[in-house]
Amino acid sequence: MPEDLAVRIEDLSITYKVSLESKRTFKNALMRASLRQEAKMRTIEAVKHMTLDIPHGSVLGIVGSNGAGKSTLMRCIAGILTPTQGRVAVNGKISTLLALGVGFNPALSGRDNIILGGLASGLSKDEIESKTDEIAKFADLPDGFIDLPVRTYSSGMYGRLSFSVAVTMTPDILLLDEALSAGDAAFKEKSFERMRQLCAEARTILIVSHALATVTDLCDQAIWMHKGTMLAQGKPDKIVDEYLKFLNVGTLPSNYEDM
Amino acid sequence: MPANQDFVSKVQVFEPHKASLPPLIPYIKEFWRRRVFATELARFNDKAEYLGSRLGKVWLILNPLLLGIVYYVVIVIIRGGSDHNGLTRLNHLLIGLFTFYFAQSTVMAGAQSITLGGRLILNQAFPRTLLPFSCAIQAFREFLPTIPVYIVVLVIGKWVYPATQIAGVSWNFLWIPFIIVCIALTAFGLALLFATMNVYFRDTNKLLTYITRIWMYLSPILWLPSSLHGKSKLLLYVNPLGPALTGNSRIWVDDTGLSRNVILGCIFWAVTSMCVGGYFFISRERDFAIRI
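A. Spotlight on the packing of aromatic side chains. Counted under the stated rule, the structure contains 20 aromatic pairs over all chains. Judged by centre distance (5.9 Å) and plane angle (80°), the rings of Phe163 of chain A and Phe187 of chain A are edge-to-face. Taken together, the positions of Phe163 of chain A in helix 5 (residues 155–168) and Phe187 of chain A in helix 6 (residues 185–200) put the pair 24 residues apart, joining distant regions of the chain. Judged by its relative accessible area of 1%, Phe163 of chain A falls in the buried class. Look at Phe187 of chain A and you get buried, because its relative accessible area is 1%. Aromatic pair Trp224 of chain A and Phe246 of chain A: ring centres 5.4 Å apart, planes at 45°, arrangement tilted. Remark: Phe246 of chain A occurs in helix 8 (residues 236–249) and Trp224 of chain A occurs in strand 8 (residues 221–226); sequence separation between them is 22 residues. Among the residues examined, Phe246 of chain A registers a relative accessible area of 9% and is labelled buried. Seen from the ring of Trp32 of chain B, Arg35 of chain B lies directly overhead, with NZ or CZ sitting 4.0 Å from the centre. In this structure, Arg128 of chain B is placed above the aromatic ring of Phe126 of chain B, and the distance from its NZ or CZ to the ring centre is 4.7 Å.

Here it is as structure tokens:
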């Protein structure tokens, strides 16, 4: 893997089976077995033959409709899901914000939750404790709230704290899935500033967002995913334009129909 | 660049695993590196569970203690038999219940740890075995204070009924750590097994409440290991906790060491449980983010 690359994705496919039953239970399995029926499963091809290089210091936006495979791709880069085919190589320490409120137990204080979230992401306790105040400050928590149970937080405070934990852990590669929707306009501007700072330090950011303005404002590269396939890669303005046309027209441009 | 160095090196490569298990050495290294996460998770869960309730933790001791007294009343008094050895039967019952509760809590909480760890599993890559492991640590932390309580009950029992049989201080107590480790490993292995099953069948935990109850009745807690004769003695060895609970009672109540069969039984169940549960769990843990 060349040193200038943060992520290299080669012919990546991720396929999995999901049950069509509303709830899988022993009871249903026994009923099925007694009736000699087979479990109804559906194969999902979440990502299909994707190849992509992401250099260090770039901010990559990923756009696409629901079910395009964006979150699956992010989880595979984070090592949460294993490829079915192909390979993903990641050069650097990853910080993720793929599901809001990670490691957060509502009965515990913000400080305890920061420690749990940080430990889960592989940091040492000393490392996390030295950053707790910085995290609370970045999240704009009112005085004393850091030591109050998280259940007393507003949804905005909760989202800001999650985001703050992810960006303060000085990651080499930051993966954000719809994380920028947390907070008001002022916090959003502060988040953008922090991400620009991370980029200036040659750190890499991958953002999945339905807020297309975020992609054009923040990213220097973008990809468009559709039903597991990467349809286009290029400058964010161009990719967002094409994606918007698709959203308005409802059909893929003719040059993508064969993909 | 080494392939499949999940979790460990700066350059990580994720590829399909040819075998059903990921490379075990990097996995175990990463598990060990992140053990603090498991201990802190256990500590915080403990804190969250009893936050604002000072009596909360007292119930951890009161519950098995009262249950022990209830069973004692049923077995010794209502059944009409008298305990000629003072409170010996109660002592056997209590140490059995306290120890069984440790194993049961590990299995029950561990079985739910994956389905309840949703966001953590969806967001972070780490060895998932850490979640049931933290439940085992939490159960152990809750088990420890029951030992001094048991000793107090023993001493009071001996004082009130001098005929009560209790063990004096002897070298046999050096077997206790061995027994506790075997019980912890057996319960942890079973927790891994049931945690995996719970991901695929969401009523596993409901089933587990009945399984653990039957398991308790089949364990030498309400009855003495010496009451089994001939082929029925096999019951002590086909039960994963049978040998360990037998040994435990021998040390605490009878003041005797462990027989070779008990030692081998403890080791057999600890190793089997870890191998079966570990294989079942680790070979499927990459599926959890999709299933939960």
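B. Geometry of the nonpolar core. Counting residues in hydrophobic clusters, the biggest one holds 80 residues, and the most contacted among them are Leu73 of chain A together with Phe37 of chain B. The residues touching Leu73 of chain A, leaving out its near neighbours within four places in the chain, are Ile9, Leu12, Val47, Met50, Ile62, Ile223 and Met225 of chain A. If you look at the next biggest cluster of nonpolar residues, it comprises 56 residues, including Ile147, Ala187, Ile263 and Ala270 of chain B.

C. Quick peek at the interface of chain B and chain A. Contacts between chain B and chain A engage 41 residues on the former and 52 residues on the latter. Roughly 3900 Å² is buried in total at the junction of chain B and chain A, and carbon and sulfur atoms are behind 60% of that figure. Summed over the shared surface of chain B and chain A, the number is three salt bridges. Where chain B packs against chain A, one counts 14 residue pairs in polar contact (both at pLDDT 80 or more). Where the side of chain B that touches chain A is concerned, the elements lending two or more residues are strand 1 (11–14), helix 2 (35–49), helix 5 (118–123), helix 8 (176–200), helix 9 (204–217) and helix 13 (288–291) of chain B. Ranked by residue count, the leading element in the side of chain B that touches chain A is helix 2 of chain B, at nine residues. Here the side of chain B that touches chain A is composed, by residue class, of 22 nonpolar, six polar and 13 charged. Pairing geometry for strand 4 (residues 85–91) of chain A and strand 1 of chain B, over four bridges, is antiparallel. If you follow Val90 of chain A over to strand 1 of chain B, its bridge partner there is Gln12 of chain B.

Thresholds, definitions, all that
- Residues numbered from 1 in each chain as written.
- Chains lettered and ligands numbered in written order.
- Predicted model: local features only at pLDDT ≥ 70, side-chain atom pairs only at ≥ 80, totals over all residues.
- Heavy atoms only, no water.
- Phe/Tyr/Trp six-rings, centres within 6.5 Å; stacked < 30°, edge-to-face > 60°.
- Helix = DSSP H or I, 4+ residues; strand = E, 2+ residues; numbered from the N terminus.
- Buried < 20%, exposed > 50% of the residue type's maximum accessible area, 1.4 Å probe, protein only.
- Lys NZ or Arg CZ within 6 Å of the ring centre and 35° of its normal.
- Core = buried A, V, L, I, M, F, W, Y, C linked by side-chain atoms within 4.5 Å.
- Contact = heavy atoms within 4.5 Å.
- Buried area = accessible area lost by both parts, 1.4 Å probe.
- Salt bridge = Lys/Arg side-chain N within 4 Å of Asp/Glu carboxyl O.
- Polar contact = N/O pair within 3.5 Å; in protein donor to acceptor, adjacent residues only side chain to side chain.
- Nonpolar A, V, L, I, M, F, W, Y, C, P; charged D, E, K, R; others polar.
- Pairing = 2+ DSSP bridges.

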